[in-house]
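So the chains spell out like this:
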Amino acid sequence: IRRVTDAELVQLDAELAVARLAVAGEVREAYWRYRLATGAIEGARRRLEAARALQSDLERQVRAGQVARDDLLLSVAETADARSILSIEEASATQARLSFQALTGVEPPADLPEPEVPAQADENHPRRIALRKIVEVTEATTRLLKVQNRDSPEVALLGVVERELDNEPYDKRIGVRLVIPFATEGRNEPRRKANEVERIRALAELHASEYQIQAEVGKAEADLAAARERAALAEERYRAFAERLDLVERSVRVGEGALVELVRARADLFEADVARLYGQIAVMQARSRLNQTLGLGPWSWTPTKETER
């Protein structure tokens, strides 16, 4: 009986580890939603700073009579558009922050490092451990049923106080009842069969979990590789737009380019900058999901150790 009880306690610990890992997955997703929102804010602020700098420069040139007022109005509209975008992104970031805080009770951390890990599902994955423990409980129960083939004896202390007529004294009696059950196949066979069915079911789930974890890890690895490729392309695109903006700015300064081309070039660079930031964060998010499929919780990068009892 003690072995069965110990196995059940270890199984409970393993199931708690599975539950903690599921919560960790929710925390991770909430955090990366917040980081994507804050990344968008960073890009929007850069655009607004550039728009304000251009507007301030044009205001000086208008006062000096060097450029027409319609160019300044175009710059004012660009600044207003940049401020509107920043306001929208700040609202989205606030919602993401509140969602994370509602889930965890704390503010999102400044960083959630997700280091590189071996691209292989660990044997100590909490789901694997939990299913192994179910198998161990059924095996311990099988051994117990072979030894304990009958119900435990029952001993009862009985007391009786009664009288036949109201004026007669009470008749007080004390007795002991002993029940010794017999071992019968009618009792034992259904229990053995039920336990065997549970053992087979647990083994089947354990084998199925092996394939499922491998598939999840394979998908997470592919997603991480794709995120890295997209981030590299976004970085290349950003550098191209940055170089183009530099050329357009030089052209406008010497009077050979139109201001509308400068505004368009800056808008393109802003969009590319946001995509670049998204790409960088998406790589970390994909690595986080890979760690999740490997059974590793955030803030702790050692695989869960199997409890020994």
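Everything quoted here is computed from the prediction, not taken from an experiment.

Just to check I follow, could you spell out the environment of Glu205 for this structure?
With respect to the helices and strands, Glu205 occurs in helix H4 (residues 185-253). Judged by its relative accessible area of 34%, Glu205 is partly exposed. Here the alpha-carbon distance between Glu205 and Arg132, two residues 73 residues apart in the chain, equals 9.6 Å.

What should I look at first to understand helix H2 (residues 69-104) in this one?
Note that an α-helix has 3.6 residues per turn; residues three or four places apart therefore point the same way. Helix length check: H2, at 36 residues, gives a terminal C-alpha distance of 52 Å against a target of 52 Å (1.5 Å per residue), a fit within 8%. After H2 finishes, the residue Gly105 shows a positive phi value of roughly 85°.

Sorry if this is basic, but what is going on with a nonpolar patch on the surface here?
Residues Leu157, Ile174 and Val176 make up a contiguous nonpolar surface patch of roughly 390 Å² in combined accessible area. Within the secondary structure layout, Val176 lies in strand E2 (residues 171-179). Overall, the relative accessible area of 65% leaves Val176 in the exposed class.

Any chance you could explain helix H5 (residues 259-293) here in plain terms?
Here H5 spans 51 Å end to end across 35 residues, near enough to the 51 Å set by a 1.5 Å rise per residue. Two residues or fewer past H5, Gly295 is found with a positive phi of approximately 85°.

How do you make sense of the nonpolar core when you look at a structure like this?
Side chains of nonpolar character tend, in soluble globular proteins, to be buried together. One finds Ala44, Leu86 and Phe270 to be the most contacted residues of the largest nonpolar core, which totals 13 residues. Only helix H1 (2-63), H2 and H5 provide two or more residues apiece to this core. Looking at this core element by element, the count peaks at six residues for H1. Among residues more than four places away in sequence, those in contact with Phe270 are Gly43, Ala44, Arg47 and Ile85. Leu54, Tyr238, Leu259 and Ala272 belong to the second-largest nonpolar core, a separate cluster that totals 12 residues.

Even after reading the chapter, I still don't get the environment of Arg276, so can you show me in this structure?
Position of Arg276 among the secondary structure elements: in helix H5. Contact partners of Arg276, with chain neighbours within four places excluded, come to Arg46, Ala234, Glu235 and Tyr238.

How should I be thinking about the side chain of Gln61 in this particular structure?
With respect to the helices and strands, Gln61 occurs in helix H1. Side chain to side chain, Gln61 and Asp57 meet in a polar contact 2.8 Å long.

What exactly am I supposed to notice about the packing of aromatic side chains here?
By convention here, two paired aromatic rings are described through the distance between centres and the angle between planes. Scanning the model with the defined rule gives two aromatic pairs in all. Where Tyr31 meets Trp32, the ring centres are 5.0 Å apart and the plane angle is 75°; that geometry is what we call edge-to-face. A single burial state applies to Tyr31 and to Trp32, both of which are buried. Both rings, one in Tyr31 and one in Phe100, keep their centres 6.1 Å apart while their planes meet at 65°; by these two values the pair is edge-to-face. Here Phe100 lies in helix H2 and Tyr31 lies in helix H1, a separation of 69 residues in the sequence. Overall, Tyr31 belongs to the buried group, its relative accessible area being 0%. Members of the aromatic cluster, each reached through a chain of ring pairs, are Tyr31, Trp32 and Phe100. Against the face of Tyr238 rests Arg276, its NZ or CZ located 3.9 Å from the ring centre.

Is there a simple way to think about the pattern of salt bridges in this case?
Once the charged atoms of two side chains with opposite charge are near each other, the side chains can pair. Applying the stated rule across the entire model yields 18 salt bridges. Here Arg239 makes a salt bridge to Glu235, at a shortest N to O gap of 3.9 Å. Highlighted residues: Arg239 and Glu235, both in helix H4, separated by four residues, approximately one helical turn. Glu235 sits in the partly exposed class, given a relative accessible area of 22%.

When you look at the packing of H2 against H5 in this model, what are you seeing that I'm missing?
The relative placement of two packed helices comes down to the angle between their axes together with the axis-to-axis distance. H5 packs onto H2 with a crossing angle of 15° between their chain directions and a minimal axis gap of 10 Å. On the basis of their axis angle, the class for H2 and H5 is roughly parallel. The way H2 lies across H5 gives a crossing that is right-handed. Packed against H2, whose contacting residues are Asp71, Leu74, Glu78 and Ile85, the element H5 presents Leu259, Val260, Val263 and Phe270 at the interface. Along the lines of polarity and charge, the residues of the contact of H2 with H5 split into six nonpolar, no polar and two charged.

What counts as what
- Residues numbered from 1 in each chain as written.
- Predicted model: local features only at pLDDT ≥ 70, side-chain atom pairs only at ≥ 80, totals over all residues.
- Heavy atoms only, no water.
- Helix = DSSP H or I, 4+ residues; strand = E, 2+ residues; numbered from the N terminus.
- Buried < 20%, exposed > 50% of the residue type's maximum accessible area, 1.4 Å probe, protein only.
- Expected span 1.5 Å × (residues − 1).
- Patch = residues over 30% accessible without salt bridge, like charges linked within 9 Å, V, L, I, M, F, W, Y side chains within 5 Å.
- Areas by Shrake-Rupley, 256 points an atom, 1.4 Å probe, with all protein chains shown as cover.
- Salt bridge = Lys/Arg side-chain N within 4 Å of Asp/Glu carboxyl O.
- Core = buried A, V, L, I, M, F, W, Y, C linked by side-chain atoms within 4.5 Å.
- Contact = heavy atoms within 4.5 Å.
- Polar contact = N/O pair within 3.5 Å; in protein donor to acceptor, adjacent residues only side chain to side chain.
- Phe/Tyr/Trp six-rings, centres within 6.5 Å; stacked < 30°, edge-to-face > 60°.
- Lys NZ or Arg CZ within 6 Å of the ring centre and 35° of its normal.
- Axes fitted to C-alpha atoms, helices over the stretch in contact; angles between N-to-C directions.
- Parallel < 35°, antiparallel > 145°, perpendicular 65-115°, else oblique.
- Left-handed = near helix turned anticlockwise from the far one by under 90°.
- Nonpolar A, V, L, I, M, F, W, Y, C, P; charged D, E, K, R; others polar.

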